[in-house]
Amino acid sequence: MFALLARIAITRPGRVLAVTGLLVLLLLPWAAGVFDRLATGGFYAPGDSATRAEAMLDAEFPGAPPNVAIMITAPGDIDGPTARRLGENLTKELHREPGVSGVTSYWSTESQRGLLRSQDGRSALVLLRLTGTEDAIARHVAALHDRYAHDGPGVTVRLGGAPAVMLDVTEQSRADLKRAELITAPLVLGVLLYAFGGTAAALLPIVVGGSAVIASLASLRLLSEVTHISVFSLNLTTALGFALAVDYCLFILRRFREERENGLDRPAALHTSLRTAGRTVLFSGLTVALSLTGALLFPLPYLQSYAYAGIAVVVTSELAALLVLPAAIMLLGERVERGRRRRAGAPAPAGTGVGGDREPGAVWGAIARRVMAHPLLFGGAAVALMVVMALPLGNLRVALADDTVLPTSADSHIVNDAMREDFTVCLPCQIPVVAAGVDAREPQVAARLGGYAARLSRVPGVARVDTVAGSFTDGRLIAPPPPDGGAFVGVHGGTWLSLWPTEPDPLSAGTQRTVDLVRAIPAPYPVEIGGLAPHLVETRDTVMRGLPGAITVVIIATFVLLFLFTGSILLPVKALLLNALNLAAVMGTMVLVFQEGHLQPLVGHFQVSGTVELTSPVLMFCVAFGLSMDYEIFLLARIREEHQRGAGNRRAVTRGLAATGPLLTCAALALIVVMIGVATSQISIIKMIGVGLALAVLLDVTVVRAVLVPAFMALAGRYNWWAPRPLRLLHERFGLREGGDAFGEALTAAALTPAAPPATTAPATGPSATTTRATSRPAGSPPAGAGPGTASTRPTAVARSWAPAAAARPVGGHESEPGPQGTAGGAGAPRRRPGLGISEPAHPAPPKVLFSASTYGRAEDGLYDPDDQADHQSPVGSRGGPAVGHGGADTRADGTLADSARPDGDAARAPAEADPDEPARDTHVPTLGERETTEGCWSADAWFSPHGDAPGEPPHES
């Protein structure tokens, strides 16, 4: 697949970008209308009892409990002439308004004037009920707001209630999105300029992210035609789209620049980049998408819409990064590479006494070495820090989203606060109990309902119960039945009872206990209980029922993918445990800040409600888990690559962290900037998601990746790559790995094959051939066909691919004894490494790609570490690999050693000083890629003990 993508990008970059631009132009008008198609609710499960009760009230009872409140506030007394005339006119117009029922006004209802007048006498209420679907109600309340709302001077008119809250949330969300884009755009551009080192390269993530976001918005618009998509999901779509674009572009473009610095031409470098970094990007995006699928298992449309948005933006970001980005790289040419040599750490001029600029990632490599030198100390301190941050999680209290998520200046927030605090009865606290299909006008039915109402009125926390049979308090009838059943009789039959709790807060713990007690009272007919408090109880139970399944799916999917990626059992478990620890620390901090109100100046003002919105932890778990696995895969991919070259466990971790540390830093910085823009929202649940995800990324890149991962892998040693034999065989068959392809081999051969020098003398044969070839170029010059810096930088994965030309030099680094035909024992005859007793075929087969139990075993488990031989040669933080063996960082593409890999670092002196008559002393130790295979397994001779012990069985065979 990656060869196909590379072939398309290399051969037809203009067509790819032209088709992409045309699609973006076609989708842009469709995507621009997504705001008008998105819904505002979705916080309740459709199958819950409270949701069914609300639906029956809308369909059958015009006099059902009001869901909209209009509060009129006068500068002086509410009974003044201006306020009275305005209230009377508003009441008359609402009675004539289509789609409005159950109008109850302070200026028309004498019996309830005391309930509808505020305690300070400056405000009064007009209550009404809007019927229809959520979208129809949202449009209707928006029309009422435009027609009647007035914010002074003089008498003010404000709208409250759940539909008005959703209206304010939608408008505030749209304004927050625009402000976040204006704030983050220049900051992200600055991060991109720093990360990519050039304007052309820095604009590539913007192109990729913009294309992905537009395609994602168009997908959401299409999905909104068939399912519920929340307006809140737009914030995640834009933020996650640009963040992933930065991640993917960073890794692919950085790998492309490395391959170009190693001497490959542009097509071959692009092919290698897609085959390595592109594969990691695909795998990483798949992991993020699978993490987001956990939200689909909750029957809440609000959470499901986030999953749809997240999966859409991940898929489109990957498509853009793997198709549009390579085409843009080919089309821009040298402009993409500007700034790369400046950032590559070129050596200082001679005579300065400076060895060169600091190698990129040297700080991260030094941190990894320091941590792995004392893994218990650093790892224990990091775990202790995370545990302390997670401690407030034990005080978590959840609630549903209501007006408290809005800024205190929002109209609906002001009205709902007033109804809770300034009016005699808490109107939003009303709990309707609906009994469908009964004829409440029959005396026997009315009598049974009266007995049921009397029992409900005795429940602790219930102040009064109004019903078709009258009003009850403490089991006593305090008011007669309304004439002809009043508003308690449905159009097609049925009835409902109105419960007034004593608690002024419908989401308080006391009200929730009251709901549980009400449910325990036996009813004469099947009933459904509605209201905010039952909604909270049922939604909480729904989330708790879905949580184990969602966590299980995410864990199993992540574990399987990481196992296929690494062939290890321990590394997926390590990733899951560290991510869980990170999420616990983040959620504990969110409880400390957003529930308890600490550190508020750092995140901006919001109303402290003493609770955390119920769905926010679930959403943060899915998104943060996916992002953490995103960084985990990028790091493991590089560690895996170094380990497959023969690096020991500690050296592979050091090199992997040094190589990916700068990239992860820039990617995390861009994502943190985007999430800080999200955190500027005036809606507290969006602010908490922005702050939480920014903190999760910060902890992940610093504490987890820089400290906990090296410490864990240092302690685990060889067991990092261990797997039971059945799973090891499964990974060998189905594991995810890079593989060669004809297209990539042709590109690499064309890029790396040097031009044939003019023949001046007959070719030398025998042992002197090595000297002749080595002295044919100046000392210290790079190999023919290599680009600048080839001898001092790591070769590419394609350049290290096994080729028959490698048979020109024995694996041990010495020429074989000449045979009868002037070759080692004759054409096709096997050669033996002197002193090692290991035979090598004349044309060795490619080493088996095995990344499981067969690949562990270095200094940590008492086995010889080939990296130790190069410790005195390679500078600290160098990207160079072992000085010996195929796959070492100083090995050329043809299998010979580069000059920098020789012990004395001098290309001309070493061969010249060697005595041809003296037998060569073999000091070569084979790395993993050179080990001889015996019946499909590594031979026992491939394992060496530093103490000269007889080779035993490989650890995975024991």
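Residues numbered from 1 in each chain as written. Predicted model: local features only at pLDDT ≥ 70, side-chain atom pairs only at ≥ 80, totals over all residues. Heavy atoms only, no water.

Under the annotation held in an unreviewed UniProt entry, the protein carries the name SSD domain-containing protein and is attributed to Parafrankia soli. Checking UniProt for the protein, the heading Sequence similarities (unreviewed entry) contains the comment "Belongs to the resistance-nodulation-cell division (RND) (TC 2.A.6) family. MmpL subfamily." Looking at the protein in UniProt, the text filed under Subcellular location (unreviewed entry) is "Cell membrane". (UniProt positions renumbered as here; feature names shortened; annotations may be inferred.)

**Quick look at the confidence of the model for the protein**
The pLDDT averaged across the protein works out to 75; a share of 73% of its residues lies at or above 70. Strand 14 (residues 839–840) is the least confidently modelled element of the protein, averaging 36 in pLDDT, while helix 13 (residues 375–390) averages 96, the highest of any element. In the predicted structure, residues 739–746 sits below a pLDDT of 50 and forms twelve contacts with residues beyond four places in sequence or in another chain. Scored below 50 in pLDDT, residues 754–958 shows 321 contacts in the model against residues more than four places distant or in partner chains. (pLDDT = per-residue confidence, 0-100. Helix = DSSP H or I, 4+ residues; strand = E, 2+ residues; numbered from the N terminus. Contact = heavy atoms within 4.5 Å.)

**Things to note about helix 4 (residues 81–95)**
Here helix 4 is 15 residues long and its end C-alpha atoms lie 21 Å apart, about the 21 Å a rise of 1.5 Å per residue gives. Listing the buried residues of helix 4 in full gives Ala83, Gly87, Leu90, Thr91 and Leu94. Looking straight down helix 4, one finds its buried side chains confined to an arc of 100 degrees; they lie on one side. Residues of helix 4 that are exposed and point more than 90 degrees away from the buried face comprise Pro81 and Lys92. Elements that come into contact with the buried residues of helix 4 comprise strand 1 (68–73), strand 2 (100–105), strand 3 (123–130) and helix 5 (134–148). (Expected span 1.5 Å × (residues − 1). Buried < 20%, exposed > 50% of the residue type's maximum accessible area, 1.4 Å probe, protein only. Arc of directions from axis to C-beta.)

**Re the sheet that holds strand 2**
The four strands are arranged 2-3-1-4 in an open sheet whose pairing can be described as antiparallel. Pairing within the sheet leaves two strands with one partner each, and these edge strands are strand 2 and strand 4 (156–160). Each strand axis lies, on average, 20 degrees off the axis of its neighbour in the sheet, ignoring direction. Judged from the six bridges that link them, strand 1 and strand 3 form a sheet pairing that is antiparallel. Note on strand 3: the bridge partner recorded for valine 68 is leucine 128. Where helix 5 meets the sheet, its contacts fall on strand 2, strand 3 and strand 4, and the angle it forms with strand 3 comes to roughly 145 degrees. (Pairing = 2+ DSSP bridges. Axes fitted to C-alpha atoms, helices over the stretch in contact; angles between N-to-C directions.)

**Regarding the packing of helix 18 (residues 570–595) against helix 22 (residues 684–716)**
As a packed pair, helix 18 and helix 22 sit with axes 8 Å apart at the nearest point and diverge in direction by 140 degrees. With respect to the hand of their crossing, helix 18 and helix 22 are arranged in right-handed fashion. Within the contact of helix 18 with helix 22, the residues separate by chemical class into 19 nonpolar, five polar and four charged. (Left-handed = near helix turned anticlockwise from the far one by under 90°. Nonpolar A, V, L, I, M, F, W, Y, C, P; charged D, E, K, R; others polar.)

**Focus on the packing of aromatic side chains**
Applying the stated criterion across every chain yields a total of eight aromatic pairs. Ring centres of phenylalanine 283 and phenylalanine 565 lie 4.6 Å apart, and the angle between their planes is 15 degrees; this geometry places the pair in the stacked category. Of this pair, phenylalanine 283 sits in helix 9 (residues 266–292) while phenylalanine 565 sits in helix 17 (residues 532–566), and the two are 282 residues apart along the sequence. In this structure phenylalanine 283 comes out as buried when scored by relative accessible area, which is 6%. Taking 4.8 Å as the distance between ring centres and 25 degrees as the angle between the ring planes, the aromatic pair formed by phenylalanine 594 and phenylalanine 606 counts as stacked. Placement of the pair is phenylalanine 594 in helix 18 and phenylalanine 606 in the loop between helix 19 (600–603) and strand 12 (612–613), with a sequence separation of twelve residues. Take phenylalanine 594 and phenylalanine 606: they sit in the same class, and that class is buried. Every member of this aromatic cluster is reached through a ring pair, and the members are Phe43, Tyr302 and Tyr306. Directly above the ring of tryptophan 30 sits arginine 221, whose terminal nitrogen or CZ lies 4.2 Å from the centroid. In this structure, arginine 640 is placed above the aromatic ring of phenylalanine 565, and the distance from its NZ or CZ to the ring centre is 5.4 Å. (Phe/Tyr/Trp six-rings, centres within 6.5 Å; stacked < 30°, edge-to-face > 60°. Lys NZ or Arg CZ within 6 Å of the ring centre and 35° of its normal.)

**Some points on unusual backbone geometry**
Backbone geometry at aspartate 474 places phi at a positive 55 degrees, although glycine is not the residue there. Its location among the elements puts aspartate 474 in the loop between strand 8 (470–473) and strand 9 (476–479). Positive phi, close to 60 degrees, is recorded for leucine 599, a residue that is not glycine.

**What about the side chain of threonine 404?**
The residue threonine 404 is located in the loop between strand 5 (398–399) and helix 14 (411–421) in this model. Using a relative accessible area of 13% as the deciding quantity, one classes threonine 404 as buried. A distance of 2.4 Å separates a polar atom in the side chain of threonine 404 from a polar atom in the side chain of aspartate 402. Not counting chain neighbours up to four residues away, the residues in contact with threonine 404 comprise His413, Arg420, Gln607, Ser609 and Ser684. (Polar contact = N/O pair within 3.5 Å; in protein donor to acceptor, adjacent residues only side chain to side chain.)

**Here's the deal with the sheet that holds strand 9**
Judged by pairing direction, the sheet is antiparallel, and its six strands sit side by side in the order 9-8-7-10-6-11 without closing on themselves. Every other strand in the sheet has two partners, leaving strand 9 and strand 11 (528–529) as the edge strands with one partner each. Pairing of strand 7 (residues 462–467) with strand 8 involves three bridges; the strand directions are antiparallel. Pairing of valine 465 across the sheet is with phenylalanine 472, part of strand 8.

**Considering the pairing of strand 1**
Both faces of the sheet carry side chains from a regular strand, because those side chains alternate between them. Burial of strand 1 is extensive: six of the six residues sit out of reach of the surface. Sheet topology places strand 1 next to strand 4; five bridges connect them, and they run antiparallel. Paired with isoleucine 72 across the two strands is valine 157, which belongs to strand 4.

**Considering the nonpolar core**
Residues Phe232, Leu250, Met590 and Tyr631 are the most contacted members of the largest nonpolar core, which totals 169 residues. Ranked by the residues each element gives to this core, the list is headed by helix 22, at 20 residues. Two domains share this core, each providing at least three of its residues, namely domain 1 (1–38 + 175–342) and domain 3 (363–394 + 554–728). Those residues within four positions of phenylalanine 232 in sequence are excluded, and the remaining contacts are Thr40, Phe43, Val169, Tyr302, Tyr306, Ile683, Ile685 and Ile686. Counting 35 residues, the second largest nonpolar core, distinct from the first, contains Met71, Val126, Leu127 and Val157. (Core = buried A, V, L, I, M, F, W, Y, C linked by side-chain atoms within 4.5 Å. Domains from an automatic or database assignment.)

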